[in-house]
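What follows is each chain in one-letter form.
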Amino acid sequence: MKADLVIVGAGIVGLAHALAAARRGLQVVVIDRDRAANGASIRNFGFVTVTGQRAGQVHERAMRARDIWLEVVAETGLPVLQIGLLVAAHSPEAVAVLEAFRATEMGEGCALLTAEEARIHCPPLAQSGLAAALWSPHERRVEAREALPAIARWLAERHGVSFRFGCTALAAEPAGDGWRLETNAGPAEAGALAVCTGDAFQGPFADRIAGFGLTRCKLQMSRLDAATGRIPDLPCAVMSDTSLVRYDGYARLPEAAALRRRLEQEVPETLAHGVHLICVQSADGSIVVGDSHDYGDTLDPFFRREVEALYLDELRRTLELPPLLPTESWIGVYASHPDHVAIVDTPAQGARIAIVTSGTGMSTAFAIGEEVVAGLFD
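About the thresholds
Residues numbered from 1 in each chain as written. Predicted model: local features only at pLDDT ≥ 70, side-chain atom pairs only at ≥ 80, totals over all residues. Heavy atoms only, no water. Helix = DSSP H or I, 4+ residues; strand = E, 2+ residues; numbered from the N terminus. Buried < 20%, exposed > 50% of the residue type's maximum accessible area, 1.4 Å probe, protein only. Contact = heavy atoms within 4.5 Å. Areas by Shrake-Rupley, 256 points an atom, 1.4 Å probe, with all protein chains shown as cover. Core = buried A, V, L, I, M, F, W, Y, C linked by side-chain atoms within 4.5 Å. UniProt positions renumbered as here; feature names shortened; annotations may be inferred. Salt bridge = Lys/Arg side-chain N within 4 Å of Asp/Glu carboxyl O. Polar contact = N/O pair within 3.5 Å; in protein donor to acceptor, adjacent residues only side chain to side chain. Pairing = 2+ DSSP bridges. Expected span 1.5 Å × (residues − 1).

*Asks:* Quick rundown of the overall build of the protein? Include the residues and the values.
*Replies:* For the protein, the helix and strand inventory stands at 11 helices and 18 strands. Each principal axis of the C-alpha distribution contributes one length, and for the protein these read about 65 × 40 × 40 Å. Put simply, the protein has 378 residues, and 56% of those count as buried. Once local pairs closer than 6 in sequence are excluded, the contacts in the protein between residues at least 24 apart make up 76%. Carbon and sulfur atoms form 49% of the exposed surface of the protein, whose accessible area is close to 15,300 Å².

This is the structure in structure tokens:
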């Protein structure tokens, strides 16, 4: 295999690099150890989240990535299932956080709604307990498990990107003016190399990656459908108070401290498992809800119903829905860093490591891919 750029990893971060390079007319090869997309990139909400991302670079990347997503869905025909985000506030402390956020630059385009206005926008919102809500028009939602394979097919058919699935990268070394990548299917040669392997810390530059201080985050999610009848339409994604102490764009505001103290008193177990509410809806009417965050170097593979019960409680507090039954439950694992920063590293000339470490791959990867490819080829 020979190419201008070889990318290790076919998750959303790898695909983002492939798109950025292909748009420059470069010859691109993407390799992945699995036979199909199987990692964190398909085990998520498919939710391109802008509002609430950390101020500065992360928020700017999310805005840029959202714009690229709009281009991608237009060109691929991928359906956008929901537009926008509603963050429901159930306490004075949560309202104070939303008011403070709305006053920042990141709140541009967002609106603070009364409870009545919020229910007009999203009728399934619970009739009791809602104090106010933040509406954001920025977000988009796709079905992740469908989007990743569709984008890979489009990159291959439209942009000539070559994919080598079931191909494991073993090691990399400089070769002439480029790189030689050793794989279980033979060598690959390229002018440049991008390693986008998520929580797979072995393989090329493993020693370098070991120095980043990464660990892993395990999350739980569920798909629910109505026991009888149909779930009402959700016009947008929905979050709630617990999200305001998880997402840095809110959680780093001074007003968030009082909310955290209140939640620590009211729902300590919820916070202990990093549970916060995200609820989105699929084309068949079912909803995907979660999630949780537990950290460690080696995480157990088991789905815990007691953790699921925590985010289902938050769902019931926020939305009035018919009786629901879980039709799917799963775990995801992604790379994590104590500061929740994305790792973009240059181990040597012509090579980059790109690892999103905060569960924001769908939200920021397209922007990171642009930055990395520009750094390699400009």
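*Asks:* Run through the nonpolar core, naming residues and quoting values.
*Replies:* Trp-69, Leu-155 and Phe-366 are the most contacted members of the largest nonpolar core, which totals 47 residues. Among the elements that take part in this core, helix α1 (residues 12-22) stands out by supplying nine residues, more than any other. With sequence-adjacent residues up to four places away left out, Phe-366 is seen in contact with Ile-12, Ala-16, Leu-19, Ala-65, Ile-68, Trp-69 and Val-72.

*Asks:* How would you explain the UniProt feature "domain: FAD dependent oxidoreductase" (unreviewed entry) in the protein if you had to name every residue and give the values?
*Replies:* UniProt marks residues 4-373 with the feature "domain: FAD dependent oxidoreductase" (unreviewed entry), using the numbering shown here. For residues 4-373, helix accounts for 32% and strand for 30%, while the C-alpha atoms at its two ends are 11 Å apart.

*Asks:* Residue-level account of the pattern of salt bridges, with values.
*Replies:* For the structure shown, the criterion picks out 27 salt bridges. Note that Arg-180 is salt-bridged to Glu-189, the shortest N-O span being 3.5 Å. On the basis of relative accessible area, Arg-180 is assigned to the partly exposed category, the value being 25%. Judged by its relative accessible area of 33%, Glu-189 falls in the partly exposed class.

*Asks:* Explain the side chain of Ser-243 residue by residue, including any values.
*Replies:* Checked against the element boundaries, Ser-243 lands in the loop between β12 (237-239) and α7 (248-251). Among the polar contacts listed, one links the side chain of Ser-243 to the side chain of His-276, at a separation of 2.9 Å. When neighbours within four sequence positions are excluded, Ser-243 is seen to be in contact with Tyr-250, His-276 and Leu-277.

*Asks:* Pulling in residues and values, what's your account of the pairing of strand β14 (residues 287-290)?
*Replies:* Of the two faces of β14, both are covered, the one formed by Ile-287 and Val-289 as well as the one formed by Val-288 and Gly-290. Pairing geometry for strand β11 (residues 215-226) and β14, over four bridges, is antiparallel. Pairing of Arg-223 across the sheet is with Val-288, part of β14. Of the pairings in the sheet, the one linking strand β13 (residues 278-281) to β14 comprises four bridges and is antiparallel in character. Following the sheet pairing, Val-280 is matched in β14 by Val-288. As consecutive antiparallel partners, β13 and β14 are separated by five residues, and within that stretch Gly-285 has a phi angle of approximately 95 degrees, a positive value.

*Asks:* So what's going on with helix α5 (residues 144-159)? Which residues, and what values?
*Replies:* Between its terminal C-alpha atoms α5 stretches 21 Å, which fits the 22 Å expected from 16 residues at 1.5 Å a residue. Within α5, the full set of buried residues consists of Ala-144, Ala-147, Leu-148, Ala-150, Ile-151, Ala-152, Trp-154 and Leu-155. Looking at the packing, one finds that the buried side of α5 touches α1, α2 (57-76), β7 (162-165) and α11 (361-377). Directly beyond the C-terminal end of α5, a positive phi value near 70 degrees is found at Gly-160.

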